[in-house]
Amino acid sequence: MNTLNYKLPSTNELLTARIGLITLAHTIRVLDLSKTIDQHFPASGSNCALKASTFINTLVLSQHEGGECLNDIVHIAKDKALLSCH
């Protein structure tokens, strides 16, 4: 069996396999989608509830990554490289 002789330099940069989420999050921000969502969904009566835009944006990002429910967001929340990109 032939193996390829590649040498890759090491790095101290934070890396992520979820790089596609950055472009989606950027698009959400550029379109000001959060503002539009919050205008069309009623505010919750509870001061502890999430804003509609936070809930929907989180769900969209999670589903884009392959998540099936909001509990799957934990993978995104633990990704230090992804969280460092605002």
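1. Quick look at the overall build of the chain
Part 1 of the argument: Helix and strand content of the chain: five helices and zero strands.
Part 2 of the argument: The order of helices and strands in the chain, counted from the N terminus, is α-α-α-α-α.
Part 3 of the argument: For the C-alpha atoms alone, the extent of the chain along its principal axes is close to 65 × 25 × 25 Å.
Part 4 of the argument: Out of the 86 residues in the chain, the part that is buried amounts to 15%.
Part 5 of the argument: For the chain, the computed accessible surface area is about 7,300 Å², with 58% contributed by carbon and sulfur atoms.
Part 6 of the argument: Treating the 7 positive side-chain charges of the chain as one cloud and the 7 negative ones as another, the clouds have centres 6 Å apart.

2. Some thoughts on the packing of helix H2 (residues 33–40) against helix H3 (residues 52–65)
Part 1 of the argument: Taken N-terminus to C-terminus, the directions of H2 and H3 make an angle of 125°; their axes are 8 Å apart at the nearest point. With respect to each other, H2 and H3 are oriented oblique. The handedness of the crossing between H2 and H3 is right-handed. Of the residues in H3, those in contact with Leu 33, Ser 34, Ile 37 and Asp 38 of H2 are Ala 52, Ser 53, Ile 56 and Asn 57.
Part 2 of the argument: Among the residues forming the contact of H2 with H3, the class breakdown is four nonpolar, three polar and one charged.

Criteria and thresholds
Residues numbered from 1 in each chain as written. Predicted model: local features only at pLDDT ≥ 70, side-chain atom pairs only at ≥ 80, totals over all residues. Heavy atoms only, no water. Helix = DSSP H or I, 4+ residues; strand = E, 2+ residues; numbered from the N terminus. Buried < 20%, exposed > 50% of the residue type's maximum accessible area, 1.4 Å probe, protein only. Areas by Shrake-Rupley, 256 points an atom, 1.4 Å probe, with all protein chains shown as cover. Lys, Arg positive; Asp, Glu negative; His and termini not counted. Charge placed at Lys NZ, Arg CZ, Asp CG, Glu CD. Axes fitted to C-alpha atoms, helices over the stretch in contact; angles between N-to-C directions. Parallel < 35°, antiparallel > 145°, perpendicular 65-115°, else oblique. Left-handed = near helix turned anticlockwise from the far one by under 90°. Contact = heavy atoms within 4.5 Å. Nonpolar A, V, L, I, M, F, W, Y, C, P; charged D, E, K, R; others polar.

Without other data, these values stay purely geometric and don't point to any function.
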